[in-house]
Amino acid sequence: WRLRAEVLEKAGNIDEALEASQQALKLAAEDAATWNIRGKVLEKLKRLDEAEAAFSRAIDLADKQKNHEAKKRYLENRKNLWQRRANEPTNENDRK
């Protein structure tokens, strides 16, 4: 299911990718890579709080598993999310 979520996300089928990531987590809730792809999908859906939580979970799991390379990638994804938030308008007047 995780690989399906990745393929769907890359193909732009975001809603289907979200569902596939949910199915993957039902089977392997401790899989850091699945939490990471879920974060990417949620970010594309502009569900930024949920995306941040998913990236944080991926980072925690990668740390527990001593997977330093994966942790580095997941930290980068969360950093990019924070930068996106910082660059978004904060109120309706800023959007005009």
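Residues numbered from 1 in each chain as written. Predicted model: local features only at pLDDT ≥ 70, side-chain atom pairs only at ≥ 80, totals over all residues. Heavy atoms only, no water.

Student: Would you mind going over the overall build of the chain with me for this structure?
Tutor: When you go through the chain residue by residue, the secondary structure sums to five helices and zero strands. Ordered by position in the sequence, the α and β elements of the chain form the string α-α-α-α-α. Its C-alpha atoms put the chain at 45 × 30 × 20 Å along the principal axes. Here the chain holds 96 residues, and 35% of them are scored as buried. Residue pairs at least 24 apart in sequence account for 48% of intrachain contacts in the chain once pairs closer than 6 positions are excluded. Put simply, the chain shows about 6,200 Å² of open surface, and 47% of that area lies on carbon and sulfur atoms. (Helix = DSSP H or I, 4+ residues; strand = E, 2+ residues; numbered from the N terminus. Buried < 20%, exposed > 50% of the residue type's maximum accessible area, 1.4 Å probe, protein only. Contact = heavy atoms within 4.5 Å. Areas by Shrake-Rupley, 256 points an atom, 1.4 Å probe, with all protein chains shown as cover.)

Student: Quick question: what am I supposed to make of the pattern of salt bridges here?
Tutor: Should their charged atoms come close, side chains of opposite charge can pair. Going through the model one piece at a time under the given rule, you end up with 11 salt bridges. A salt bridge links Glu6 to Arg2; the nearest nitrogen and oxygen atoms lie 3.0 Å apart. With a gap of four residues between them, Glu6 and Arg2 both fall in helix α1 (residues 2–11), about one helical turn apart. Exposure remark for Glu6: the relative accessible area of 22% places this residue in the partly exposed category. Given a relative accessible area of 28%, Arg2 falls into the partly exposed group. Put simply, Arg85 and Glu52 hold a salt bridge, and the shortest N to O gap is 2.6 Å. Of this pair, Arg85 sits in helix α5 (residues 68–87) while Glu52 sits in helix α4 (residues 48–64), and the two are 33 residues apart along the sequence. (Salt bridge = Lys/Arg side-chain N within 4 Å of Asp/Glu carboxyl O.)

Student: Just checking my understanding: could you explain the layout of surface pockets for this structure?
Tutor: Regions of empty space are outlined by a rolling probe, equal in size to a water molecule, passed over the atoms. Looking at the largest pocket, its volume works out to about 150 Å³. What lines the largest pocket is Arg2, Glu6, Glu9, Lys10, Ala33, Asn36, Ile37, Lys40, Arg73, Tyr74 and Asn77. Considering only residue class, the lining of the largest pocket consists of three nonpolar, two polar and six charged. (1 Å grid on protein atoms, 1.4 Å probe; cavity = no way out; pocket = protein on both sides within 12 Å on 5 of 7 lines; lining within 4 Å. Points joined across faces, edges and corners; volume = space filled by probe spheres on them. Nonpolar A, V, L, I, M, F, W, Y, C, P; charged D, E, K, R; others polar.)

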